[in-house]
Amino acid sequence: PTRPEAEPVGDKVAGHRVSMEGKRILVTGGSGLVGKAIEKVVADGEGRPDEQWIFISSKDADLTNAADTKCLFEKHKPTHVIHLAAMVGGLFRNMKYNLDFLRNNLHINDNVLHSAYEMGVQKVVSCLSTCIFPDKTTYPIDETMIHNGPPHTSNFGYSYAKRMIDVQNRAYYEQHGCKFTSVIPTNVFGPHDNFNIDDGHVLPGLIHKVYSAKQNGTALSIWGTGQPRRQFIYSLDLARLFIWVLREYNEVDPIILSVGEEDEVSIKEAAESIVAAMEFKGELIFDSTKSDGQFKKTASNHKLRKYLPDFQFTPFNKAVQETCNWFNSNYAQARK
């Protein structure tokens, strides 16, 4: 019923051919939301002449299989890895398949990190998620609080598997001196997202809902009161930060990649931004019989700002407009 998600695209190499002393950067999950954003940012001029970027998807290797993963690493001989591949899903899929999410992601992460160690990869940057934080916590959450208590029960399988990357990174560093680290983005959105209304995340789901309401001339019904608050990060901003982490960030401990606490927006504000971007003129209804989910998950980007005080995030409304434009233009091919 489920499989690791690192959605379609072939074996594609972006950037420049380089001599053997250059960096060969393997990106797992290279055809998903964040992988496509990194590919675009690299192609648009952020890549360097001594870097060869290799984006792979689930078509290229089954990362739950140790032999497959080892073959992939032997084929591409990466010097650096950005590890994005994971089995992911929305709330209800997580609740139904916690064991599958736990086992598949533990296998994927262990295979990637161990192949990287065996091949002498210089650095691995893995992608975690804010859902790994304890369910009962104080806000804002920061990097020191990951292991302070159990995660939310709805997706404990996925959350614990992701937490174990942080544990393994420390173990590989202590035992073998490996430079393996991880990043924790807040709610990511942008082109190439999964716009499935039932199973996607809140923003892409809303974009698809507005599109459909506009096509059908119906009112827009939004689940919940619209009051919960989230920090959204545009995938292209996250891509630029990922590249910085790969090149410059030398801690084993993870780093939260997020807009500031002051840039948190309510679901209602997010919906209104999408309505404006899509020029939807119909009625907006908040269905308060539906669950709001977690009210907030505010994360601190204090550590990021210590390193990059001047990093400019794309303004939320501009990022929403660009994502809506992409969805309108690519509706037929978009993951829905």
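Rules behind the numbers
- By convention here, each chain's residues receive numbers from 1 onward along its written sequence.
- Per-residue local features of the predicted model are confined to residues with pLDDT of at least 70, and side-chain atom pairs are confined, for both listing and counting, to 80 or more; whole-chain, interface and lining totals are unaffected and use all residues.
- Side-chain measures were taken over the full set of non-hydrogen atoms in the model, leaving aside hydrogen atoms and water.
- UniProt positions are given in the numbering used here, feature names are shortened, and annotations may be inferred rather than shown by experiment.
- Strands are runs of DSSP state E lasting at least 2 residues, helices are runs of H or I lasting at least 4, and numbering of each runs from the N terminus.
- Each residue carries a pLDDT score, the predictor's confidence in it, ranging from 0 to 100.
- Whether two residues are in contact is decided by their heavy atoms: any pair within 4.5 Å suffices.
- To sort residues, take the accessible area from a 1.4 Å probe on protein chains only and compare it with the maximum for the residue type: under 20% means buried, over 50% means exposed, and anything in between is partly exposed.
- Positive residues here are Lys and Arg, negative ones are Asp and Glu, while His and the chain termini are left out of the count.
- Whenever Lys or Arg places a side-chain nitrogen within 4 Å of a carboxyl oxygen from Asp or Glu, that contact is recorded as a salt bridge.
- One less than the number of residues in a helix, times 1.5 Å, gives the span that helix is expected to have.
- Patches in this entry comprise residues that are over 30% relatively accessible and not in a salt bridge; like charges within 9 Å are linked, as are nonpolar side chains (Val, Leu, Ile, Met, Phe, Trp, Tyr) within 5 Å.
- Here the open area of atoms and residues is found with the Shrake-Rupley method and a 1.4 Å probe, where only the protein chains shown may cover a residue.
- For this analysis, a polar contact is any N or O atom pair within 3.5 Å, provided that within protein one partner can donate a hydrogen and the other can accept it, and provided that sequence-adjacent residues contribute only side-chain to side-chain pairs.
- Strand pairing is defined by DSSP finding a minimum of two bridges between the two strands.
- We call a crossover right-handed when, viewed with the strands running away from us, the connection from the first strand over the helix to the second turns clockwise.
- The term disulfide is used for any two cysteine sulfur atoms that are within 2.5 Å.

Where an unreviewed UniProt entry is consulted, the chain appears under the name GDP-L-fucose synthase, with the organism given as Xenopus laevis. Heading Sequence similarities (unreviewed entry) of the UniProt record for the chain holds this comment: "Belongs to the NAD(P)-dependent epimerase/dehydratase family. Fucose synthase subfamily."

A. Examining unusual backbone geometry more closely. Here the residue pair tyrosine 139 and proline 140 is connected by a cis peptide bond, since its omega of 0 degrees sits within 30 degrees of zero. Its place among the elements puts proline 140 in the loop between strand 5 (123-127) and helix 5 (156-176). Backbone geometry places lysine 77, a non-glycine residue, at a positive phi of 45 degrees. Tracing the chain through its elements places lysine 77 in the loop between helix 2 (66-76) and strand 4 (80-83). Positive phi values are uncommon outside glycine, yet histidine 192 reaches one of about 70 degrees. Looking at the element boundaries, histidine 192 is found in the loop between strand 7 (187-189) and helix 6 (202-216).

B. Structural view of the confidence of the model for the chain. Of the residues in the chain, 93% reach a pLDDT of 70 or more, and the chain-wide mean stands at 90. Every residue in residues 1-20 scores below 50 in pLDDT, and together they form 64 contacts with partners more than four places removed in sequence or on other chains.

C. View of the side chain of lysine 123. When you line up the elements, lysine 123 lands in strand 5. Look at lysine 123: it is buried, it has no salt bridge, and the nearest opposite charge is glutamate 248 at 7.9 Å.

D. View of the pattern of salt bridges. The full count for this structure, using the stated rule, is 10 salt bridges. Of the charged contacts, one joins arginine 240 and aspartate 237 as a salt bridge, the two residues approaching to 2.8 Å between their closest N and O atoms. On the criterion of helical spacing, the pair formed by arginine 240 and aspartate 237 is a turn pair, its members being three residues apart in helix 7 (residues 235-248). Look at arginine 240 and you get partly exposed, because its relative accessible area is 29%.

E. Region of the structure containing helix 4 (residues 98-118). The end-to-end C-alpha distance of helix 4, which contains 21 residues, comes to 30 Å, matching closely the 30 Å that a straight helix rising 1.5 Å per residue would cover. If you check which residues of helix 4 are buried, you get Asn98, Phe101, Asn104, Asn105, Ile108, Asn109, Asn111, Val112, Leu113, Ser115 and Ala116. Taken from the residues just after helix 4, glycine 120 is the one with a positive phi, measuring 70 degrees.

F. Representation of a nonpolar patch on the surface. Nonpolar side chains collect at one region of the surface, where Phe92, Met95 and Trp223 lie side by side and expose about 360 Å² of accessible area between them. Within the secondary structure, tryptophan 223 sits in strand 8 (residues 220-223). What makes tryptophan 223 partly exposed here is its relative accessible area of 47%.

G. Just the side chain of serine 300, in detail. Mapping serine 300 onto the fold places it in the loop between strand 13 (284-287) and helix 9 (302-307). A relative accessible area of 12% means that serine 300 is categorised as buried. Of note is the side chain of serine 300, whose polar atom sits 3.1 Å from the backbone nitrogen of histidine 302.

H. How the structure looks around the pairing of strand 5. Among the five residues of strand 5, five are classified as buried, and the element is accordingly described as predominantly covered. Of the two faces of strand 5, the one lined by Lys123, Val125 and Cys127 and the one lined by Val124 and Ser126 are each fully buried. Sheet topology places strand 4 next to strand 5; four bridges connect them, and they run parallel. Bridge pairing in strand 5 links valine 81 to valine 124. Sheet topology note: the strand 5/strand 6 (residues 179-185) ladder contains five bridges and is parallel. Paired with valine 124 across the two strands is phenylalanine 180, which belongs to strand 6. Handedness of the crossover is the feature at issue here: the chain leaves strand 5, passes through helix 5, returns alongside strand 6, and the resulting connection is right-handed.

I. Region of interest: the state of the cysteines. Taken as a whole, this structure holds zero disulfides when the rule is applied. Note on cysteine 127: no disulfide assigned, nearest cysteine sulfur contributed by cysteine 131 at a separation of 11 Å. Judged by its relative accessible area of 10%, cysteine 127 falls in the buried class.

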